[in-house]
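# Inside the fold
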There are 2 protein chains.
Amino acid sequence: MKTIRQNFAVSFNYDVAFTEGLFNPSNKLFSSQIQVTDNKPLPKVLCVLDEGMLQYHPDLFDRIRRYRDESGSRFQLIGKPVIVPGGEASKNDPSAVQLILDAIEEADIDRHSYLTAIGGGAVIDVAGYAAGIAHRGVRLIRVPTTVLAQNDASVGVKNGVNVYGKKNFLGTFTTPHAVLNDFEFLHTLDMRDWRAGISEAIKVALIKDAVFFSELESNARLYQQRDMEAMKSLIHRCAELHLEHIRTSGDPFEMGSSRPLDFGHWAAHKLEQLTGYSLRHGEAVAIGIAVDSVYSHLAGMLPEEDLERILELFKRCGFDLYVPELEHKLDQPRQKESILHGLEEFREHLGGELTIMLLEKIGKGVNVHEIDTKLYREAVGVLKSFEKEPA
Amino acid sequence: MKTIRQNFAVSFNYDVAFTEGLFNPSNKLFSSQIQVTDNKPLPKVLCVLDEGMLQYHPDLFDRIRRYRDESGSRFQLIGKPVIVPGGEASKNDPSAVQLILDAIEEADIDRHSYLTAIGGGAVIDVAGYAAGIAHRGVRLIRVPTTVLAQNDASVGVKNGVNVYGKKNFLGTFTTPHAVLNDFEFLHTLDMRDWRAGISEAIKVALIKDAVFFSELESNARLYQQRDMEAMKSLIHRCAELHLEHIRTSGDPFEMGSSRPLDFGHWAAHKLEQLTGYSLRHGEAVAIGIAVDSVYSHLAGMLPEEDLERILELFKRCGFDLYVPELEHKLDQPRQKESILHGLEEFREHLGGELTIMLLEKIGKGVNVHEIDTKLYREAVGVLKSFEKEPA
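The structure displayed is predicted, hence computed values, not measured ones.

Another aspect to go through is the nonpolar core. Counting residues in each nonpolar core, the largest one holds 172 residues, and the members touching the most others are Tyr376(A) and Tyr376(B). Ignoring sequence-local partners within four residues, the contact set of Tyr376(A) consists of Trp266(A), Ala267(A), Val291(A), Asp292(A), Tyr295(A), Leu330(A), Ile339(A), Leu340(A) and Ile371(A). Core analysis: the second largest hydrophobic core is formed by 58 residues, Val48(A), Ile133(A), Ile104(B) and Ala127(B) among them.

Written out as structure tokens, the structure reads:
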């Protein structure tokens, strides 16, 4: 009996918009994303708010309510937002997803309603996962409030939570309905969160865009001075490069084994875990990129002057490039406490062949399928001595 | 700052194959679906088995092991399969998903490994959900073992589990890696399971293919006699029509409000719930189709002779078309115990506007956006008296 070969394509599209004062009644961006149908009940909006962010914006939900009332918006705002802890804690805690699902059920949120997640990358990941699985997907509006969430975590097609101590063990590939970046949230970030997101911009510049890397070098001092215009430009270009990659890579849902945007991330994910998440994701990424750049140089791929520019840029932005966890059981790659065990965890998550992005030069990444652990130990040593040099 | 409009398409493709003796060592179908890469560890296969099916095939896992050893197949078979209860019980019980996720984690199943689910539609739904969320999606091979699973539940792009008493409250749109239908499993089905799947074939014939409906009429007696050739033909054509719809509808992931393949299903889902899942899904679908067909006629859409052919076919196949739950609180549509509450539950699950498929004639469905509850009560009455007529 004849085999039936099924094949079809699905189109996905969404806006990634940039604004200031998203919930000022005169700002039409948010309400323009809500589809209203004549003669039908107004669509529902349920908010998921990041507890960490709320400390700096305690009146946020009141402002959203006022926005609904005064902007001429047409949606039903569910009266009780869901509040979840910020940072990796919410991804580690199964009750955060449960809380959001309970609220979705209680408010009768359906596939044409809107879950609006406002916060850092972790909260958006958790809310995105709940939105991805409830009713097989309710609409998700992401309102990222940190540099890293705006230029990296929120632009893409993934969500996830950590289970069994494994980062993003559960998650889905689900596109958002819209991503609305409000730069005003950046004013209240502490210095660590302001800085942390810069490493994702350095990452994408390194593998894709030497011109952007030069812009980052030119502006390094401005980032340190919290210059908002420089940061806005960084975020926009970084988001643009991520979106372009997803759009043109030919594998947006990662069915293959390659994941170039995860340059530096295999070590970063492992370092977050080894430090008990005391490192911010972006801080860990900075170290991950630094050590993989040193390794790229030692392996004869990356010219020395390029390596120097990379390490220099991280230093000028204020990143620390060494933590003692880099050296824990460094000679025992099969021990879970070793950074090198992160290679196997990374491979396992994606499946298939180990594929690690390294650098050929600034602006050009290259995939390799093996890491020489002896050389890697050497790279850690180089980074450690670099870190000890006077700035 | 300029809004970035993201858009891309993702291609999905998979084979739906038909065979007998899938795990006979001479049968190459299963092993042909496993991608082996030279010089790499063999891919892993973890089995999820339906406890109900295992009663009739207690040696199935031994046979799979023998298949692996004797067929020249190249895969690592994980030594301990996951066994979950068959039927809707597994979709209602959160521990079934947990069991599968635990096994995925323990066996280090990655995105390039294979979860192989063997059983009825419910078990395949549960396993599919676990496969859809673990590592954001591991490969799923569906081996459906009932008529309904082979001709309907397994061919599509959905999975799901029931939470908060709501059918498929959690789930994802995820395509399988392959669907392998082994007709040999049908020999051991009891008469209810053999029959139940026929209603999905009647459904898709009614909304899409009058010629297929005539084939079903001609063969009704053969299905009752458990004629395998007739049933194989029914399953193949039914699967084909479902796949064709998914491929050509323009909305495989149901972003809109229309869901034509769910003709008769709003009432069916509610009846399953109201009868405490004592009705098989296919049995409930038969009643749902029957009452919606009577309603279509009373609403002036469906000619009387078409209605008579429909009811006649169900009777000749041996379906019961009436259960007392149809009349519970029939005049109180807002009560959860009323079949009519199923309309709102159906709308809520899909979101947006209520969209119900009805019939214009045999072979042609039509979407409506309102149901006249008075007329619906009348339809239930008509069905009740029809059921009382001597066959």
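Superposing chain B onto chain A takes a rotation of 180° plus a shift of 0.0 Å along the axis, which leaves an RMSD of 0.0 Å. Given the turn and translation reported, the copies of this chain are related as if by a two-fold rotation axis. Residue Val10(B) of chain B places its C-alpha closer to the rotation axis than any other residue of that unit, at 2.7 Å. An overlap of 100% is found between the interface residues of chain B and their copies at the interface of chain A, pointing to a shared contact surface.

Tallying the contact residues gives 71 residues for chain B and 71 residues for chain A. Contact between chain B and chain A buries roughly 6400 Å² in total, counting both sides, with carbon and sulfur atoms accounting for 55%. Scanning the region where chain B abuts chain A turns up ten salt bridges. Between Glu353(B) and Lys40(A) there is a salt bridge; the shortest N-O distance is 3.3 Å. Those elements that place two or more of their residues in the side of chain B that touches chain A are strand E1 (4–19), helix H5 (94–106), helix H6 (121–133), strand E8 (166–170), helix H11 (228–248) and helix H15 (341–350) of chain B. If one sorts the elements of the side of chain B that touches chain A by residue count, E1(B) sits on top with 15 residues. Partitioned by chemical class, the residues of the side of chain B that touches chain A number 28 nonpolar, 22 polar and 21 charged. Bridge count for strand E1 (residues 4–19) of chain A against E1(B) is 13 bridges, and the pairing is antiparallel. Looking at E1(B), one finds that Tyr14(A) is bridged to Gln6(B).

On to the confidence of the model for chain A, then. Per-residue confidence for chain A gives a mean pLDDT of 95; residues scoring 70 or more make up 99%. Under the prediction, the complex receives an ipTM of 0.94, its pTM being 0.94.

The rules behind these values
- Residues numbered from 1 in each chain as written.
- Chains lettered and ligands numbered in written order.
- Predicted model: local features only at pLDDT ≥ 70, side-chain atom pairs only at ≥ 80, totals over all residues.
- Heavy atoms only, no water.
- Core = buried A, V, L, I, M, F, W, Y, C linked by side-chain atoms within 4.5 Å.
- Buried < 20%, exposed > 50% of the residue type's maximum accessible area, 1.4 Å probe, protein only.
- Contact = heavy atoms within 4.5 Å.
- Least-squares fit on C-alpha atoms with pLDDT ≥ 70 in both.
- Buried area = accessible area lost by both parts, 1.4 Å probe.
- Salt bridge = Lys/Arg side-chain N within 4 Å of Asp/Glu carboxyl O.
- Helix = DSSP H or I, 4+ residues; strand = E, 2+ residues; numbered from the N terminus.
- Nonpolar A, V, L, I, M, F, W, Y, C, P; charged D, E, K, R; others polar.
- Pairing = 2+ DSSP bridges.
- pLDDT = per-residue confidence, 0-100.

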